[in-house]
Each structure stands twice: as structure tokens, then as C-alpha cells.
Amino acid sequence: MTAGFSEDAAAISDEITELRHSIHAEPEIGLDLPKTQAKVLSALAGLPLDISTGQALTSVTAVLRGGKPGKTVLLRGDMDALPVAEHTGLPFSSGIAGTMHACGHDLHTAMLAGAARLLSARQADLPGNVIFMFQPGEEGYGGAKLMIDEGVLDAAGERPVAAFALHVSSGLLPLGVAASKAGPAMAAADTLHVKVRGRGGHGAQPHHASDPIPVACEIVTALQTMVTRRFDVFDPVVVTVGTFHAGTTDNVIPDEAAFVATVRTFSPRSRDLIRDASVQLVRQLAGAHGLEADAEFVDGYPVTANDQTEFGFAARTIGEVFGEHRFITAPNPLTGSEDFSYVLEQVPGAYIMVGACPTDTDAATAPFNHSPEAIFDDGVLADGTALYAELAQRRLAEVS
Ligand SMILES: [Zn+2]
Ligand SMILES: [Zn+2]
């Protein structure tokens, strides 16, 4: 048994931290992250990696070929920031107005670069290959899907047998404590766009018009009834109407009323059901009132589903490397969504949350990811780096 990676990670923790601070201070949003990409390429320079960069996005794919024969595993770190104005007061705060690494992807990028370094140092003993997937555009841009389209899963010449992603959280979990679950770990997040088409007129003479507003209101509440009557209570569904727009003034009936809802599901079955049922409900309820409605269900990220075996492996690894007290089996999925789900649709794997809440803050009340006040503690960086490396090295050793 070779020694673990914790000491190696501690030895390079200054560099990992420096890289994290540099990325944090210059956050970039979306699929085009040239500065972040340059920092990653510079951190990987000189390592024995096959490196390629993306066409449609500024991704970095690095492949480490081990000195011993074996399979391939994939490690993913996302690199993009959010349109949030930072209010943390940290010395390395964002220097770009209105842009912040409020989801901790700067930590993921730095930890994955650190893991590439640690695994490269043990290349001769590595029984197989590791694909390092540095991904832009996680926050709503589907960057993982674009990287799959550009071949990241085939970068080593064969499909990975397992894929792992870590995600830090600024609250919820104490520093260094990891959590995940088998099966669905995060929701599918889709969007329902509705436009009820009536006929405008005078507010005092509704019978000469076709008022779309009460019909649209009825549809909004009927969607909630549908959730409770047509879906299994143990396979939850969330529908939230986040925008609703109609009309200009009190005495004019408008031509149209429009709203948009987010739809969260945790199984392909419920997702398929609501995709059709919601559209049908909108059209037919409008029809019941003599109006017409356009309804479009737009697919977002699918359910992030952890493989039973790979989840078990990851939980065991964390217990062995850091101690049993550092892993919690999450009772429920999170209702957020994550585009690593596209990788997990094709490769069995696990998505693990890792607590990065500062030790002087109560994790239960700390500002969570996406908050302008979210603080991710540097103290998680060395362990996160070691964990990425352990997951790859141990999984390859088990399947070789
Ligand atoms: Zn996020
Ligand atoms: Zn995130």
C-alpha cells in the first residue's frame, strides 16, 4: 500500500491557495474564461500530461497516463463565477465589479490542479489513466455537456470506469466534513414558459374581451394541485412560478398574461411525467375558458444521480483517509442542480459536497453558496486536493 496524499497535499498547500486567490480575484462568468484557463494551463505546465483546450468553451482537458496498465477515471472541477457583487471583505476579493466566485468554483479549480500535480508525481506507480476535466459554464451554461460533445469522456482513448466531482459549500456542513448520498443527489431543473392569449378590452366591460389574467392565475394554482395529486409524495416535485407579467393599468384588459416557472424533479420518471402533464394542463385549462395558451417545457440540467457502488467507494475512501467523522450520508438530495449530471448519465460516479465553512462561523446559519457574503475557507484546499487524488488512485488500484 502506497502512502496517502495528505502529506503531499499539505506540502503544496501554499501554491494551491495562491492559485485559488488569484482565480478568486479575477472571476469570469460563462463559457469564455480566458484568464482562468491561462492560470490553469500555467499551473499544469511541466507536468507529464496530454493537454487539450476546448473549441466552443475555454475548457482544459488533461490526461495523465499511468506507468502501469489499467483503466481510466475522470475528475472534474468547474471554473466559472457568478453575476454577484462580492461583500465578503476578504483581502483577495473580486476585482471585477458585479462578478464573484460565490459558488466556490475557484477552490475546485485550484484543488483539481493540485491533484494533477500530486498524481503526476506518482505517475510511474499509477495503474491506469486520469482525465482532469476543467470545466467552464457550470452555472446555467451546460459546459459539461459541451465538453462531452467535444470528447472529454474519450480523452484517454477509452471511456472512464468512474467519475468524481467535489463541490464546496460555505454553509450547511462544518469545515472538512463531506456529505453525499446514493441515487439522486441533486434535482433536475427545467423551465415551464406559459403565455395565455386572450383579447384585450375595457376593464369595465370584460364580457366584450377575453381576459387572460384570471385564467393564468388559475393555471398557477392548478399546477400546485397537480403536484400534490399526480405525483408520489416520496418522489418530490417542486414547481415555483418566479415571474408573472400581464397588463399595463387597472382599467384595461390586456391581450396576454405570461409566466415562467422552475420545475425541480428527482427522478427521470417524474420528470417525464411533468414534462407532458404541465403542458397539457396549461393548454386545456385555457381551453376550458375559451382561451388559448402557449406552453413550452424547456429542459435544463438532468437529475444528478450517484451510482450506488461509486458512492459507496467514495464514502469509504473519505472514512479511511480522513476518519469516519468526516463523512455524512445525506438524508435527502439538494434541490439545486448541477451539470456534472450529464457526465453521470454516461459514467458511473459520485458527486460529493465538502464543507468549507470558516471555523469561527456556525455552518447552520452561514451565508450559503451564491450569497454575496459566502466565504469558503482555504482550510479545505489541501484536503480537497488530497481527496481528488485518493479517489483516482484508489479507484484505479481497485479495478486494475
Ligand atoms: Zn452554484
Ligand atoms: Zn457550483
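Q: Can you help me understand the pattern of salt bridges in this one?
A: Between side chains of opposite charge, a pair can form when the charged atoms approach closely. Applying the stated criterion across every chain, the model contains 24 salt bridges. With its nearest N and O atoms 2.7 Å apart, the salt bridge here joins Asp272 to Arg275. Placement of both Asp272 and Arg275 in helix α7 (residues 268-288) is noted, with a separation of three residues, approximately one turn of the helix. On the accessibility criterion, Arg275 (23% relative accessible area) is partly exposed. The structure contains a network of salt bridges with shared partners spanning Asp190, Arg271, Asp272, Arg275 and Asp299.

Q: Would you take a moment to explain the coordination of the zinc ion (ligand 1) for this structure?
A: Ideal donor angles around a metal are set by the shape: a four-donor tetrahedron calls for 109.5 degrees, a six-donor octahedron for 90 or 180 degrees. For the zinc ion (ligand 1), the full set of protein donor atoms is Cys103 (SG), Glu139 (OE) and His370 (NE2), at a range of 2.0 to 2.2 Å. Ordering the donors of the zinc ion (ligand 1) by residue number gives the pattern C-x35-E-x230-H. The metal-metal distance between the zinc ion (ligand 1) and the zinc ion (ligand 2) comes to 3.1 Å, with Cys103 coordinating both. Taken together, the residues span a long stretch of sequence, with Glu139 in the loop between β4 (127-135) and α5 (143-149) and His370 in the loop between β16 (349-355) and α10 (381-399) at a distance of 231 residues. Note on Glu139: relative accessible area 19%, which makes it buried.

Q: Help me out: how do you make sense of the sheet that holds strand β12 (residues 256-265) in this one?
A: Pairing between the strands of a sheet comes from backbone hydrogen bonds, and it takes one of two forms, parallel or antiparallel. Read from one edge to the other, the open sheet built from four strands follows the order β10-β12-β8-β13, with strand pairing classed as antiparallel. Looking at which strands have only one partner, the edges of the open sheet turn out to be β10 (237-246) and β13 (292-301). Each neighbouring strand pair of the sheet contributes to a mean axis angle of 15 degrees, computed without reference to strand direction. Both strand β8 (residues 188-197) and β13 contribute to a ladder of eight bridges, which runs antiparallel. Across the sheet, Thr191 pairs through a bridge with Val298, a residue of β13. Packing of helix α6 (residues 212-230) onto the sheet brings it into contact with β8, β10 and β12, and relative to β10 it is tilted by some 170 degrees. Packing against the sheet, α7 makes contact with β8, β10, β12 and β13, and its axis sits at approximately 165 degrees to β13.

Q: I tried to follow helix α3 (residues 34-44) on my own but got confused; where do I start?
A: Owing to its 3.6 residues per turn, the α-helix aligns residues three or four sequence positions apart on the same side. Within the sequence span of α3, burial applies to Thr36, Gln37, Lys39, Val40 and Leu44. Buried residues of α3, viewed axially, fall in a sector of 160 degrees; they line one side. Buried positions along α3 lie against α2 (13-25), β1 (49-53), β2 (60-65), α4 (105-121) and β4. Note on α3: the residue one or two positions beyond its end, Gly46, has a positive phi of about 90 degrees.

Q: Explanation requested: the side chain of Ser341 in the structure shown.
A: When you line up the elements, Ser341 lands in helix α9 (residues 340-344). The class of Ser341 is buried, set by a relative accessible area of 0%. In this structure the side chain of Ser341 is engaged in a polar contact, spanning 2.6 Å, whose partner is the backbone oxygen of Glu338. When near neighbours in sequence (up to four residues on either side) are disregarded, Ser341 contacts Tyr301, Pro302, Val303 and Thr304.

Conventions and cut-offs
- Residues numbered from 1 in each chain as written.
- Chains lettered and ligands numbered in written order.
- Predicted model: local features only at pLDDT ≥ 70, side-chain atom pairs only at ≥ 80, totals over all residues.
- Heavy atoms only, no water.
- Salt bridge = Lys/Arg side-chain N within 4 Å of Asp/Glu carboxyl O.
- Helix = DSSP H or I, 4+ residues; strand = E, 2+ residues; numbered from the N terminus.
- Buried < 20%, exposed > 50% of the residue type's maximum accessible area, 1.4 Å probe, protein only.
- Donors = N, O, S within 2.8 Å, 3.2 Å for Na, K, Ca; no water.
- Pairing = 2+ DSSP bridges.
- Axes fitted to C-alpha atoms, helices over the stretch in contact; angles between N-to-C directions.
- Contact = heavy atoms within 4.5 Å.
- Arc of directions from axis to C-beta.
- Polar contact = N/O pair within 3.5 Å; in protein donor to acceptor, adjacent residues only side chain to side chain.

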